[in-house]
Amino acid sequence: MKILIIFFAMTILLIMSCSDESDVQQKVQTYLDEYNKEFQKYLYEWNKGEWALNTRIVEGDTVTSKLAQDAQQQYANFVGSKENIEIATKFLESKDDLTDLQVKQLKRILFLAGSNPETAGELVKQKIEADTKQVELLYGFDFKLDGKSISTNEIDAILINETDLRKRLEVWETSKEVGKGLKDGLVNLQNLRNKTVQALGYDDFFAYQVSEYGMTVDEMRDVSQSMIKDIWPLYRELHTWARYTLAEKYNAEVPDLLPAHWLPNRWGQDWQGIIGTSGLNIDEALQQHSAEWIVKKGEEFYVSLGFPELPQSFWDLSSLYPLPPDADYKKNNHASAWHMDNDKDVRSLMSVIPNTRWWGTSLHELGHIYYYISYSNPNVPIILREGANRGYHEAVGSLIGLASLQTPFLKQMELLPQDFEIDKIQTLLKESLDYIVFIPWSAGVMTDFEYELYSKNLPKDQLNNKWWELVEKYQGIIPPNERGSEFCDAATKTHINNDAAQYYDYAISNILLFQFHDYIANNFLKQDPHATNYYGNKETGKFLNDLLSPGASVDWREHLKSSIGSEMSAKPMVDYFSPLLEWLKEQNKGRKYTLPESIQVI
């Protein structure tokens, strides 16, 4: 590290003595080459530490967490070093003499420094320790129902299938128990995350995360609110339909607002389970195959588009399936894709079982993996091997998740008989209970809560009240019983703890995915966007590769417009679900609407 600092200092002296533009670029490039090399080394060690922390959780194990903390600290020391901050800042004073790619890298260096600036001193170390402890508490928690341990997969299955409201309430309450133990840690992280980025001039942690989009906090909140407004008429119809449908299912009175334990998801972010086997369901076909078959079929799909086979290291190093019942350790069951070294080492962490949900999830996560592979090319520097914006990554994964459940594709995969006729409205209904229902949750509840948490310094005793206030406002959902300030139901959501202040990424991704899907269906496949088959279409593969391969080396707005000819817009999503809106209006005739006709904006 000291040798690098001396090198960087010499580089500054050299550039200050340069007057020729090409000479300046050469000196800056020398610095950037060295920075990228060192960055990759520290990133890899940190990710390996985090991987161990997420894939082998042993109660009482302090060695793994210590190794992960040490690796994260070394990464933080490098990216947040005072020297790197000063050098990048100094070089940017000559940005008119530099290439666009060099300027992008220098700005990225300063952004990376923002969450771990050396100028924050001991706060960085404290933040790393707090991050690690929070992950251990979250993923190492032993959920218990009737005194017996229960997995999150089992909790999810009960919330989808159980019709006894008493049992539903019990398992819902079980799923929230982890939040109480995470509350103090979240308040600590609120303070540490804010103070750390404030040391480099950001207003707060939420503003820091938003800045990666080239936006202010107000601009991002406006974008989030506009998404909700665009889909609100359909969400309002879905909410009304769900109240009456679930009341009939549970033989109960129709509530004005949806009790949280009535819904098939712990946070009410996905309502597909309401209709169970109605609409498209391929569980029976998938149960004839293994979990391994699902992931292999996912790879086959991407190869058919023109992408390469997955590297052998992916299969050797990933953690793709549930742990055996007799395992003496736990793992994080939340599906994720990892780019360990921003180059060849790509892995996925999943718990795949043969069912419809994991079929879509597997292809979704492989979408991330192939995004990693696409921009891991010599034209994209290591530190710019990210999505064009963070939402792009999720958009690509979700795009493939949508395409993976369309009838023509499933027939191609022999998961549906060739003479199968889809109920188009039921399929749209099920899709809307995922994609549409998700927008008020992601762009509303999650985004506003973390805005309040970081930008408004939400006090500890108001965490749960604010959470349920937002859940009611945006989702029309209420808790099944009194949830006092001793609870921290927000912290039961993974992203509040260890992927903080960027959940709007997922809302943006849902908007982008329908824009991408609409473009592919109309321009390459010449198919109805509701019934596509991407399999084997090389034009689609080329489009996706061209979309993915520049990574973050391009401006995301310009890249979007040059790729599909338009700016970000919810119109393709609204158009896609327009037949369903008319059907729901018919179903809801004579029923009581309890959500306002328009959502109250900021």
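Everything that follows concerns the structure shown earlier in this document.
This is a predicted model, so every value here is computed, not measured. (Residues numbered from 1 in each chain as written. Predicted model: local features only at pLDDT ≥ 70, side-chain atom pairs only at ≥ 80, totals over all residues. Heavy atoms only, no water.)

### Observations concerning the overall build of the chain
As a reminder, the rule being used: A run of H or I in DSSP becomes a helix once it reaches four residues, and a run of E becomes a strand once it reaches two; helices and strands are each numbered from the N terminus. Here's how the labels work: a residue is buried when its accessible area is under 20% of the maximum for its type, exposed when over 50%, partly exposed in between, all with a 1.4 Å probe on protein chains only. Where accessible areas are quoted, they stem from the Shrake-Rupley method and a 1.4 Å probe; at the residue level, only the protein chains shown are allowed to cover. His is not counted, nor are the chain ends, whereas Lys and Arg count as positive and Asp and Glu as negative. Working definition for charges: the position is that of NZ of Lys, CZ of Arg, CG of Asp or CD of Glu.
Tallying secondary structure elements over the chain gives 24 helices and 6 strands in all. With respect to the principal axes defined by its C-alpha atoms, the chain has extents near 80 × 55 × 50 Å. A buried classification covers 57% of the 602 residues belonging to the chain. As displayed, the chain offers around 24,900 Å² of accessible surface, 48% of which is attributable to carbon and sulfur atoms. Side-chain charges in the chain split into 60 positive and 87 negative, and the spacing between the mean points of these groups amounts to 2 Å.

### Here we look at the side chain of Ser 115
Rules: In the analysis that follows, any N or O atom pair within 3.5 Å is treated as a polar contact, provided that within protein one partner can donate a hydrogen and the other can accept it, and provided that, for residues neighboring in sequence, both atoms belong to side chains. Two residues qualify as a contact provided that any one of their heavy atoms is within 4.5 Å of a heavy atom in the partner residue.
Along the chain, Ser 115 falls in the loop between helix H5 (100-114) and helix H6 (122-139). Residue classification places Ser 115 among the buried residues on the basis of a relative accessible area of 15%. Side-chain polar atoms of Ser 115 contact the side chain of Asn 116, separated by 3.1 Å. Those residues in contact with Ser 115, other than ones at most four positions away along the chain, are Lys 127, Thr 196, Val 197 and Tyr 208.

### Structural notes on the pattern of salt bridges
Spelled out, the test is: The working definition used for a salt bridge is a side-chain nitrogen of Lys or Arg within 4 Å of a carboxyl oxygen of Asp or Glu.
For the structure on display, the rule yields 27 salt bridges. In this structure, the salt-bridge partner of Glu 93 is Lys 90, at a minimum N-O distance of 3.2 Å. Since its relative accessible area comes to 29%, Lys 90 is described here as partly exposed. Between Asp 575 and Lys 571 there is a salt bridge, with the nearest N and O atoms lying 2.6 Å from each other. Within this pair, Asp 575 and its partner Lys 571 are both found in helix H23 (residues 571-576), separated by 4 residues, close to a single helical turn.

### Considering the side chain of Asn 332
Relative to the helices and strands, Asn 332 is located in the loop between helix H13 (312-317) and strand S4 (336-339). Asn 332 sits in the buried class, given a relative accessible area of 5%. Side chain to side chain, Asn 332 and Tyr 139 meet in a polar contact 3.4 Å long. With residues up to four places along the chain from it excluded, the contact list for Asn 332 reads Asn 54, Ile 57, Tyr 139 and Leu 349.

### What to know about the nonpolar core
We apply this condition: Residues enter a nonpolar core if they are buried and are Ala, Val, Leu, Ile, Met, Phe, Trp, Tyr or Cys, with the set joined through side-chain atoms within 4.5 Å.
The biggest cluster of nonpolar side chains holds 148 residues, and the ones touching the most others in it are Trp 271, Trp 359 and Phe 577. The leading source of residues in this core is helix H17 (residues 424-455), at 16 residues. When residues no more than four places from it in sequence are discounted, the contact partners of Trp 271 are Tyr 235, Leu 238, His 239, Ala 242, Leu 258, Leu 263, Pro 264, Leu 433, Val 437, Gln 475 and Ile 477.

### Considerations on the packing of helix H4 (residues 82-92) against H5
Our working rule: Lines are fitted to the C-alpha atoms to define the axes, a helix being fitted only along its stretch in contact, and any angle between axes, read from their N-to-C directions, falls within 0 to 180 degrees. It is the rotation of the near helix from the far one that decides the hand of a crossing: anticlockwise by less than a right angle makes it left-handed, clockwise makes it right-handed. Three classes are used: nonpolar for Ala, Val, Leu, Ile, Met, Phe, Trp, Tyr, Cys and Pro, charged for Asp, Glu, Lys and Arg, and polar for all others, with Gly counted as polar.
Remark: H4 packs on H5, axes separated minimally by 9 Å, with the N-to-C direction vectors making an angle of 145 degrees. In this structure, H4 crosses over H5, and the sense of that crossing is left-handed. Touching Asn 84, Ile 85, Ala 88, Thr 89, Phe 91 and Leu 92 of H4 are Val 103, Leu 106, Lys 107, Ile 109, Leu 110 and Ala 113, all from H5. Grouping the amino acids of the contact of H4 with H5 by side-chain chemistry returns 9 nonpolar, 2 polar and 1 charged.

### Some thoughts on unusual backbone geometry
In this structure, Glu 414 takes a positive phi of about 60 degrees despite not being glycine. A residue is classified by how much of its surface remains accessible, and Glu 414, at 70% relative accessible area, is exposed. Positive phi outside glycine occurs at Lys 526, with the angle close to 55 degrees. Mapped onto the elements, Lys 526 comes out in the loop between helix H20 (504-525) and helix H21 (538-548). For Lys 526, a relative accessible area of 64% corresponds to the exposed category.

### As for the environment of Val 554
You can see Val 554 is positioned in the loop between H21 and helix H22 (556-564). On the basis of relative accessible area, Val 554 is assigned to the partly exposed category, the value being 24%. The spatial distance from the C-alpha of Val 554 to the C-alpha of Ala 388 is 6.5 Å, given a sequence separation of 166 residues. Here Val 554 is in contact with Lys 104, Ala 388 and His 559, once residues within four sequence places are set aside.

### A few points about the pairing of S4
For the record, the criterion: Strands qualify as paired when DSSP identifies two bridges or more between them.
Burial along S4 is two-sided: Ser 336 and Trp 338 and Ala 337 and His 339, pointing in opposite directions, are all buried. Direction of pairing for S4 relative to strand S5 (residues 346-349): antiparallel, over a ladder of 4 bridges. Note on S5: the bridge partner recorded for His 339 is Val 346. Linking S4 back to S5 in an antiparallel pair, the connection comprises 6 residues, with Asn 342 at a positive phi of about 55 degrees.

### Some points on H6
Note the following rule: An expected span of 1.5 Å times one less than the residue number is assigned to each helix.
With 18 residues, H6 extends 26 Å from end C-alpha to end C-alpha; this agrees with the ideal 26 Å at 1.5 Å per step. Every buried residue of H6 is listed here: Val 124, Lys 127, Ile 128, Ala 130, Asp 131, Thr 132, Gln 134, Val 135, Leu 138 and Tyr 139.

### Some remarks on the environment of Gly 114
On the secondary structure map, Gly 114 appears in helix H5. Residues contacting Gly 114, with those up to four places away along its chain left out, are Thr 196, Val 197, Leu 200, Tyr 202 and Tyr 208.

### Observations concerning the packing of aromatic side chains
What characterises a pair of aromatic rings is the spacing of the ring centres plus the angle enclosed by the ring planes. Rules: Here the aromatic set is Phe, Tyr and Trp, taking the six-membered ring for Trp, and pairing holds for ring centres within 6.5 Å; pairs whose planes are under 30 degrees apart are stacked, those over 60 apart are edge-to-face, and all others are tilted.
The final tally for this structure, using the stated rule, is 44 aromatic pairs. An angle of 85 degrees between the planes, with centres 6.1 Å apart, marks the rings of Tyr 213 and Trp 556 as edge-to-face. Here the residue Tyr 213 occupies a position in the loop between helix H9 (205-211) and helix H10 (217-249), and Trp 556 occupies one in helix H22, the gap between them amounting to 343 residues. Across the pair, exposure class does not vary: Tyr 213 and Trp 556 are buried alike. When the centroid spacing of 6.3 Å and the interplanar angle of 70 degrees are considered together, the rings of Tyr 302 and Phe 307 count as edge-to-face.

### Observations regarding the environment of Lys 249
Topologically, Lys 249 is positioned in helix H10. By relative accessible area, which is 32% here, Lys 249 ends up partly exposed. The spatial distance from the C-alpha of Lys 249 to the C-alpha of Ile 57 is 39 Å, given a sequence separation of 192 residues. Residues in contact with Lys 249, not counting those within four places in the same chain, are Ile 160, Thr 163, Gly 273 and Ile 274.

### Quick word on the packing of H10 against helix H18 (residues 463-475)
How we decide: Should an angle fall under 35 degrees it is taken as roughly parallel, and over 145 as roughly antiparallel, whereas 65 to 115 is taken as roughly perpendicular and any remaining angle as oblique.
At a minimum axis distance of 10 Å, the contact between H10 and H18 shows a crossing angle of 75 degrees. Classified by the angle between their axes, H10 and H18 sit roughly perpendicular to one another. Here Gln 225, Ile 228, Trp 232, Tyr 235 and His 239 of H10 come into contact with H18, specifically with Lys 473, Tyr 474 and Gln 475. Each residue belonging to the contact of H10 with H18 can be placed in one class, and the counts come to 4 nonpolar, 3 polar and 1 charged.

### So, H22
Put simply, the rule reads: Each C-beta atom gives one direction from the helix axis, and the arc is the one those directions make.
Among all positions in H22, only Trp 556, His 559, Leu 560, Ser 563 and Ile 564 are buried. Buried residues of H22 fall within an arc of 100 degrees about the axis and therefore sit on the same side. Among the exposed residues of H22, those oriented more than 90 degrees off its buried face are Glu 558 and Ser 562. Against helix H15 (390-403), H20 and H21 lie the buried residues of H22. Capping of H22 at its N-terminal end is provided by Asp 555; its side-chain oxygen lies 3.0 Å from the backbone amide nitrogen of Arg 557. Just downstream of H22, Gly 565 is the residue with a positive phi angle, here 80 degrees.

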